[in-house]
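Structural features, examined
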Amino acid sequence: MAHFAKPENALKRADELINVGQKQDALQALHDLITSKRYRAWQKPLEKIMFKYLDLCVDLKRGRFAKDGLIQYRIVCQQVNVSSLEEVIKHFLHLSTDKAEQARSQADALEEALDVDDLEADRKPEDLQLSIVSGEKGKDRSDRELVTPWFKFLWETYRTVLEILRNNSKLEALYAMTAHKAFQFCKQYKRTTEFRRLCEIIRNHLANLNKYRDQRDRPDLSAPESLQLYLDTRFDQLKVATELGLWQEAFRSVEDIYGLMCMVKKTPKSSLLMVYYSKLTEIFWISSSHLYHAYAWFKLFSLQKNFNKNLSQKDLQLIASSVVLAALSVPPFDRSQSASHMELENEKERNLRMANLIGFNLEPKFEGRDMLSRSALLSELVSRGVLSCASQEVKDLFHVLEHEFHPLDLGSKIQPLLEKISKSGGKLSSAPSLPEVQLSQYVPSLEKLATLRLLQQVSKIYQTIKIESLSQLVPFFEFSVVEKISVDAVKNSFVAMKVDHMKGVVIFGNLGIESDGLKDHLAVFAECLSKVRAMLYPVPSKASKLGGILPNLADTVEKEHKRLLARKSIIEKRKEDQERQQLEMEREEEQKRLKLQRLTEEAEQKRLAAELQERRKQRILREIEEKELEEAQALLEDTEKRMKKGKKKTLLDGEKVTKQTVMERALTEQLKERQEMEKKLQKLAKTMDYLERAKREEAAPLIEAAYQRRLVEEREFYEREQQREVELSRERHESDLKEKNRLSRMLEFKETFQGEVISRRQAEFDRIRTEREERISQIIRARKQERDIKRKQMYYLTSEEERIRKLQEEEEARKLEEAEKRKKQEAEHKAKMDEIAEKQRQRERELEEKEKKRREEVLKGTDAPPARPAEPAVATAAGPPASGAGKYVPRFKRQTAEASGPAAPTPAAEADRWANRGPPPADDHWGSNRGPSQKSDRWTGGRERAGPPPAEGGDRWVPGPRGSDRPSGGDAWRSGEERRSPFGSSKPRPAQR
């Protein structure tokens, strides 16, 4: 992080980095400077640094850096120079908007550049593949690559600015302007998701404004300017929501406006209320809430009639007709009759809420359900004179539907009226805030109402009517539609009827099985059965009081026990209630204590705030007095200078001079100077007036003479030009007649030449068209051949790849089978080797047992044969662990070997040979340090490494002492033709003789 002595140095460093193309480093350097704690006092260079910093952020699309920098700059200049922050934010918005517009224009230019005749010749193969895979057009891709990143950055810019400016009383106008621009951005580019987020952001800002009321720079909604800005923002939000078709968001905007007005307890202006109710009519019509739609139209009519002085009679008649038709479109039955209690409560709450929105009562004190109804609305329209302002067709329709009784010709009376109404409507010239009024939108609802009225009136004079006759009475719909309407009417108890399709009739009246008594028929049946049982089995009367008590003593005891248990449960319940009341009292006391503590804290905060305000006021007064003293001193010096300059009366020595006297004397001098200047100006004006009057008196006859001369000259010029124009016209006419006579002889030749040229060009055109068709057919054939060749090549390549894949799979399967077979053979070989090794160990154990027995016999025996003196040495050499690698050989084995083989060396020579060998090498596998217990392991290890011995019956064990003339270094298994090494080699070698 670089440190700069002055902010200007950081700006110079950033310019140098930008010149060499290192914009990221320049941005980081400025960011470190802005976020540094050394520069928390506002200076003029900081504003230039912020301009440069925001330029870099916009160029590099670093919205996070821009937000951090603006937050730090707001901290710096919040209390010193808020206008600087406003200029910086406006610059930031201007840059982001320009970049987005440039990207948009660049994308449009790119789209126009792509608009060529032959797209296949100009576009690259990779572009074609990308367009086919992605399924989007070039404009969509260009928008995603060029426009979308800048639009995202612009959206982040709006969010950042709104977040920085929220709850700031000094920048309310800029906040409203930013919100308006954000709304226009969403409207222009149809950004519905961003619009919802924007509305939620603004809604949260207002909620936080009400939640944290102790903020320092919090806006005051009771101020008219602040309230008007917030209202304008909400109405812009409402307009954009309706234009985008986001009706749910539009209704939430209406609730926001109503909540804002309830918050400040003020009613908005009539112009805003007109917009409010006009949008409500659209929202309620889209949501099929006809009753609320009609009430909104009624409120709109009242506002227009009372506050719009320019409202024409035609527009008033159109609005009144809309109100009456909207009221007639409301269904004539109450849907809440068959609803449950919970649904009724919800409907009541909803009606109260809608009544508050429509009536715009800031303190509602009425029941909305009693207030909002169709009958109440119609009576209100008649009493307020709305019906009298409507058109004649609407009046006739109202009387036919609501007052007259025409069951057989109701449809024929209403249909022409509806045709006239459907053609009425249009834009209101004297009420531009209202939407375009179209009365044709009420025709389907009115047709449905007419059908319901017809069914109601027919049910009063007919009990049964054919379906064909009823269909003829209703010219608006088919009978299937009439049947659906009648189902809804029967469900809401508007009319009682049943359709019998088997007989082809419609039955009216109370139909018995559909009556309301059906729902409690089981209860009625149970009551009747109870009465019959009481008549058949009457209850016997009690004989006496004692006779009634004694037989029922057990019941009495049980009842008393139950009463005691109930009393116990009542006592426990009362204890619980008492404990609960005690807890509630403690909770209330705690709440009171907390409330008192909170009030004390608030009073202390208010006292501190009042003291702070008083100190601030005193400081301001001191500053004002010091400033006034400085101004008085300056006025005194200025007065003294003028007195010396104009040789006025100087101040007397010793005269008491105060600020008031100095200011009075200065004002007196200024007044005298002003009076003298006014006198000079009056004298000068009088002189100029005399001069001007004299000049005009002398110039008047000269101007009159010049004017007369000019009239004579212009009259002569006009007559001369008129005569010349007549002569020229006559000459042109004669020359045109001559030219016509001269060219009339060539007319026949001209037509002949024209025909020849046309026929020749037609032939040339036919020839070129034929050649072009032949060329196109050749190209088509060539491309077809190329496609066939490519298809065959692809088929061959696919077949070859399939064959190679199958060969590879077969080779892998064969290798896998061989590996499994090899593993199986190795397992069998190992098992066989383990068996042979076990047999060999068994033999060795037997030999060791025999040797052990023999040694015991030798040691026990007292008579030793004298002819064999070397035997103990041999035994000693073979037995102890310090002997060589050779093993003890029994006597019978040595005798057999001496008898069959060559002469063996004497024991003494054998002992010398063993003694001359010295110690065994370090890597000797037959280590000399092993005891007798390791012999079996040594021989077993040698056999396991050497592999399996030859077959039984053809082998013999030949003990070979170490150091003999045999090539092998120890004992070995010998067969007829081969010998295996005792050191683990499984390869057979020829036996050496």
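Reading the values: rules and limits
Residues numbered from 1 in each chain as written. Predicted model: local features only at pLDDT ≥ 70, side-chain atom pairs only at ≥ 80, totals over all residues. Heavy atoms only, no water. Helix = DSSP H or I, 4+ residues; strand = E, 2+ residues; numbered from the N terminus. Buried < 20%, exposed > 50% of the residue type's maximum accessible area, 1.4 Å probe, protein only. Contact = heavy atoms within 4.5 Å. Areas by Shrake-Rupley, 256 points an atom, 1.4 Å probe, with all protein chains shown as cover. Pairing = 2+ DSSP bridges. Axes fitted to C-alpha atoms, helices over the stretch in contact; angles between N-to-C directions. Phe/Tyr/Trp six-rings, centres within 6.5 Å; stacked < 30°, edge-to-face > 60°. Core = buried A, V, L, I, M, F, W, Y, C linked by side-chain atoms within 4.5 Å. Salt bridge = Lys/Arg side-chain N within 4 Å of Asp/Glu carboxyl O. Expected span 1.5 Å × (residues − 1). Parallel < 35°, antiparallel > 145°, perpendicular 65-115°, else oblique. Left-handed = near helix turned anticlockwise from the far one by under 90°. Lys, Arg positive; Asp, Glu negative; His and termini not counted. Nonpolar A, V, L, I, M, F, W, Y, C, P; charged D, E, K, R; others polar. Patch = residues over 30% accessible without salt bridge, like charges linked within 9 Å, V, L, I, M, F, W, Y side chains within 5 Å. Charge placed at Lys NZ, Arg CZ, Asp CG, Glu CD.

1. Description of the overall build of the protein chain
A tally of regular secondary structure across the protein chain gives 33 helices and nine strands. For the protein chain, with 993 residues in total, the buried portion stands at 29%. In the protein chain, the share of contacts with a sequence separation of at least 24, taken over all contacts with a separation of at least 6, comes to 69%. Accessible surface, the protein chain: about 68,400 Å² in total, of which carbon and sulfur atoms supply 53%.

2. Observations regarding the sheet that holds strand β3 (residues 464-466)
Sheet architecture is open: three strands sit in the order β3-β5-β4, paired in antiparallel fashion. Of all the strands in the sheet, the pair left with one neighbour each is β3 and β4 (497-500). Sheet twist, expressed as the mean angle between neighbouring strand axes with direction ignored, is 20°. As judged from the four bridges shared by β4 and strand β5 (residues 505-508), these two strands associate in the antiparallel manner. By the bridge assignment for β5, Val 499 is matched with Val 506.

3. A closer look at the packing of aromatic side chains
What the rule picks out here adds up to eleven aromatic pairs. Residues Phe 476 and Phe 477 carry aromatic rings whose centres are separated by 6.3 Å and whose planes lie at 70° to one another, so their mutual orientation is edge-to-face. The partly exposed category is assigned to Phe 477, whose relative accessible area is 21%. Chaining the aromatic ring pairs together yields one cluster made of Phe 151, Tyr 158, Phe 185 and Tyr 189.

4. Things to note about the nonpolar core
Grouped together as the largest cluster of nonpolar side chains are 157 residues, with contacts concentrated most on Tyr 53, Ile 89, Phe 195, Tyr 276, Leu 328, Leu 397 and Ile 414. Residue contributions to this core peak at eleven residues, all from helix α8 (residues 138-165). Filtering out sequence-adjacent residues up to four positions away, Ile 414 remains in contact with Leu 397, Val 400, Leu 401, Ala 450 and Phe 476.

5. Some remarks on the pairing of β5
Examined bridge by bridge, β3 and β5 share three bridges and lie antiparallel to one another. From the neighbouring strand, Thr 464 faces β5, where its bridge partner is Ile 507. The antiparallel pairing of β4 with β5 creates a hairpin that spans four residues between the two strands, and Gly 504 there sits at a positive phi of about 75°.

6. Some points on the pattern of salt bridges
Using the criterion set out here, one finds 39 salt bridges in the structure. Salt-bridge contacts for Arg 742 lead to Glu 739; the nearest nitrogen and oxygen are separated by 2.5 Å. Of this pair, Arg 742 and Glu 739 both sit in helix α28 (residues 659-743), three residues apart, which is roughly one turn of the helix. Given a relative accessible area of 35%, Glu 739 falls into the partly exposed group. For Arg 767, the salt bridge identified is with Glu 771, shortest N-O distance 2.8 Å. With a gap of four residues between them, Arg 767 and Glu 771 both fall in helix α29 (residues 747-860), about one helical turn apart. Judged by its relative accessible area of 38%, Glu 771 falls in the partly exposed class.

7. Points about helix α24 (residues 479-491)
Along an α-helix, a turn takes 3.6 residues, which lines up residues three or four apart on a common side. Relative to the 18 Å expected for 13 residues at 1.5 Å per residue, α24 spans 18 Å between its end C-alpha atoms, a close match to the ideal helical length. When we look at burial in α24, the residues that qualify are Phe 479, Val 482, Ile 485, Ser 486, Asp 488 and Ala 489. Taken together, the buried residues of α24 touch α22 (443-461), α23 (467-473), β4 and β5. Ser 493 sits one or two positions beyond α24 and adopts a positive phi of about 60°.

8. Topic: helix α13 (residues 270-286)
Across its 17 residues, α13 extends 24 Å between first and last C-alpha, which sits within 8% of the 24 Å expected from 1.5 Å per residue. In terms of residue burial, α13 counts as a mostly covered element, since twelve of its 17 residues are buried. Those residues of α13 not exposed but buried are Leu 272, Leu 273, Met 274, Val 275, Tyr 276, Tyr 277, Ser 278, Lys 279, Leu 280, Thr 281, Ile 283 and Phe 284. In the segment just after α13, Ser 288 is the residue with positive phi, at about 60°.

9. What about the packing of α22 against α24?
Two numbers describe how α22 lies on α24: the axes approach to 10 Å, and their chain directions differ by 70°. In this view, α22 runs roughly perpendicular relative to α24, as classed from their interaxial angle. As α22 packs across α24, the resulting crossing turns out to be right-handed. For the pair α22 and α24, contact is made by Lys 448, Thr 451, Leu 452 and Leu 455 and by Val 482, Ile 485, Ser 486, Asp 488 and Ala 489, respectively.

10. Considerations on the side chain of Glu 447
Note that Glu 447 resides in helix α22. One buried charge, Glu 447, has no salt-bridge partner; the nearest side chain with opposite charge is Lys 448, at 11 Å. Non-local contacts of Glu 447, meaning those with residues more than four positions away in its chain, are made with Leu 418, Phe 476 and Phe 477.

11. Describing the environment of Arg 453
Among the structural elements, Arg 453 can be located in helix α22. In this view, Arg 453 contacts Pro 332, Arg 374, Leu 401, Glu 402, Leu 410 and Phe 494; residues no more than four positions away in its chain are not counted.

12. Looking at the packing of helix α20 (residues 392-402) against α22
The N-to-C vectors of α20 and α22 enclose an angle of 30°; their axes lie 10 Å apart at closest approach. Taken together, α20 and α22 sit at an angle that is classed as roughly parallel. From α20, Leu 397, Leu 401 and Glu 402 reach across to α22, where they touch Leu 446, Leu 449, Ala 450 and Arg 453. Of the residues assigned to the contact of α20 with α22, the class counts are five nonpolar, no polar and two charged.

13. Details of a negative patch on the surface
A contiguous patch of negative charge, built from Glu 584, Glu 586, Glu 588 and Glu 589, is present on the exposed surface. You can see Glu 586 is positioned in helix α27 (residues 553-646). A relative accessible area of 43% means that Glu 586 is categorised as partly exposed.

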